[in-house]
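Architecture at a glance
Chain residues, written in single-letter form:
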Amino acid sequence: MVHGGAADSVRRGHPWIYASATAHLSNGPASIVRIVDEDGHFLGSGIWDPGSPIAVRVWTRNPTEDVNARLFRARLEAALAIRTELFADGATTAYRLLNGEGDRTPGFVIDRYADVAVLKIDGDAARALADTLLADVEAPLRAAGITTFLDRRGKKGEPPTLRARFGELPRTGKVEVKEHGVPFVVDLAKGQKTGAFLDQRENRRRIAELVTRKQAPRIDELGAQTGRTGQSETERTLGPRVLNLFSYTGGFSLRAALAGGVVTSVDVAMGAHATAQESFRLAGVDPKGHAFVTADCFAFLEAAWKRGETWDVVISDPPSFAPSEKAKPKGLAAYRSLHHACVRVLAPGGTFVAASCSSHVGLEEFVATLDDAALGRSDLRLLETFGPPPDHPTLPSFPEGRYLKLAILA
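Residues numbered from 1 in each chain as written. Predicted model: local features only at pLDDT ≥ 70, side-chain atom pairs only at ≥ 80, totals over all residues. Heavy atoms only, no water.

1. Topic: the pattern of salt bridges
Tallying each qualifying case throughout the model produces 29 salt bridges. Residue R96 pairs with D111 through a salt bridge whose shortest N-O separation is 2.6 Å. Of this pair, R96 sits in strand β5 (residues 94-99) while D111 sits in strand β6 (residues 108-113); the two residues are 15 residues apart in sequence, bridging distant segments of the chain. What you see here is one network of salt bridges that share partners, running through D131, D151, R153, R163 and R165. (Salt bridge = Lys/Arg side-chain N within 4 Å of Asp/Glu carboxyl O. Helix = DSSP H or I, 4+ residues; strand = E, 2+ residues; numbered from the N terminus.)

What follows is the structure, given as structure tokens:
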């Protein structure tokens, strides 16, 4: 039984019911349950997870619809049809096939990397019921061109494990894919999420367009910055200077480099730089022409500011600073501190690109961490903001699904 405003949320289509809003549930194993309000009226059916703060993930509000393998297949086929339209030109071979709550399959995400699909399950209940619900997915996945379907599991802080539900594991654990025609390497065995951050795909394309528009520093700008009136041959041939913070496997870096930028990529993970350099070489870009720095980004920014270094484009895409509602105040303070440090190394006339993947931080709250007081300067304007791409659909009633935010200031 669901009480309070939670019942109204379910009626509006929100797919989560928190444990604090439920009653009359036993401590038995995870199961598929029917959901009713305080008056006994049917609300929906979903997956009950007795050990999670999210007690029930709602799958359907149709009283004649059962949560089973047939429903899962129908939802998967509907999701595949949308992706077929979105990526019909074949220029992109890495994207999300099934987006959990956004495709009305709460707890289940499937990402595509060429002909390999990777499943990621959220929640112990969904994991316990996975074999039952996914009993009939091979045929539609194969029809979509998937030859290998991997189940990726692992606790936070531990290396993930990959199990083939059908097909064979890639021998190296890596695959080559394309994004808007640009090739890159994905490490399925060691990468974050299902292997890569596919949600930033359209923003990586936007970075390429932004860097293309940027011109090499003009003679008068160089003179103003250095006190010189001339420009060396090296300075004339170099493109815009781009700083990519929390660069991970270098998606933003590669697109910026292909657009003519000279890129400095900063991340604490040396292994991620190695994968990034593989992608550079695959795309025909010599990584030796760019810098890959293994460092804490806050420390790097402080040292760069003290040295007087600046970049024409600064990109900040950190991990979530607010993994819970309780952590939000501290997370917002961290964003403000980071953004202040970023714009201190932004060259005059430069562009700052700030991103957040914190679902507990709304767009307006995130934009507030970019105000004049936070940045310590008053010459930047908010040009555009963006959310998740269309292969990461969300529900209107589910703001948590619109976790990704990217802001461009100049």
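2. Points about the environment of P29
You can see P29 is positioned in the loop between β1 (16-18) and β2 (31-36). Separated by 20 residues in sequence, P29 and D49 have C-alpha atoms that sit 7.9 Å apart. Residues within four places of P29 in sequence aside, it is in contact with W48 and P50. (Contact = heavy atoms within 4.5 Å.)

3. Things to note about the side chain of D317
Within the fold, D317 resides in the loop between β15 (311-316) and α11 (328-344). Comment: no salt bridge for buried D317; closest opposite-charge side chain is R204, at 6.4 Å. For D317, the side chain forms a polar contact with the side chain of Q200, separated by 3.3 Å. Not counting residues up to four positions away in its chain, the partners in contact with D317 are Q200, L245, F246, F252 and A355. (Buried < 20%, exposed > 50% of the residue type's maximum accessible area, 1.4 Å probe, protein only. Lys, Arg positive; Asp, Glu negative; His and termini not counted. Polar contact = N/O pair within 3.5 Å; in protein donor to acceptor, adjacent residues only side chain to side chain.)

4. Quick notes on the confidence of the model for the chain
The predicted model of the chain averages 92 in pLDDT, with 93% of residues at 70 or higher. Here residues 218-236 is modelled with pLDDT under 50, and outside its nearest four sequence neighbours on either side it reaches 14 contacts, counting other chains as well. (pLDDT = per-residue confidence, 0-100.)

5. Quick look at the sheet that holds strand β17 (residues 382-386)
Strands sit in the order β14-β13-β12-β15-β16-β18-β17 across an open sheet of seven strands; the sheet is mixed. The open sheet has two edge strands, β14 (291-294) and β17, and neither has a second partner. If you compare each strand with its neighbour and ignore which way they point, the axes differ by 15° on average. Most of the contacts of helix α10 (residues 297-307) go to strand β12 (residues 241-245), to which it runs at about 145°, and overall it touches β12, β13 (262-267), β14 and β15. Against the sheet, α11 makes contact with β12, β15 and β16 (346-356), and its axis sits at roughly 155° relative to β16, the strand it touches most. (Pairing = 2+ DSSP bridges. Axes fitted to C-alpha atoms, helices over the stretch in contact; angles between N-to-C directions.)

6. A few points about the pairing of β5
Most of β5 sits inside the fold, with six of its six residues counted as buried. Bridge count for β5 against β6 is five bridges, and the pairing is antiparallel. Its bridge partner being in β6, R96 is matched across the sheet by D111.

7. Topic: the pairing of strand β10 (residues 174-179)
Covered by surrounding structure in β10 are V175, V177 and E179 only, the residues K174, E176 and K178 on the alternate face being uncovered. With six bridges connecting them, β10 and strand β11 (residues 182-187) associate as antiparallel partners. The partner of K178 across the bridge, within β11, is P183. What sits between the antiparallel neighbours β10 and β11 is a turn of two residues, in which H180 has the positive phi angle 55°.

8. Examining the sheet that holds β5
Spatial ordering of the open sheet is given by β5-β6-β7-β8-β9, a layout of five strands whose pairing is mixed. If you trace the sheet from one side to the other, it starts and ends with β5 and β9 (161-166), each paired once. For this sheet the average axis-to-axis angle between neighbouring strands, irrespective of direction, equals 25°. By the bridge criterion, five bridges tie strand β7 (residues 116-121) to strand β8 (residues 148-153) in an arrangement that is parallel. Across the sheet, the residue bridging to V116 is T148, located in β8.

9. Focus: the environment of T310
Secondary-structure assignment places T310 in the loop between α10 and β15. In this structure the C-alpha to C-alpha distance between T310 and Y335, which are 25 residues apart in sequence, comes to 20 Å.

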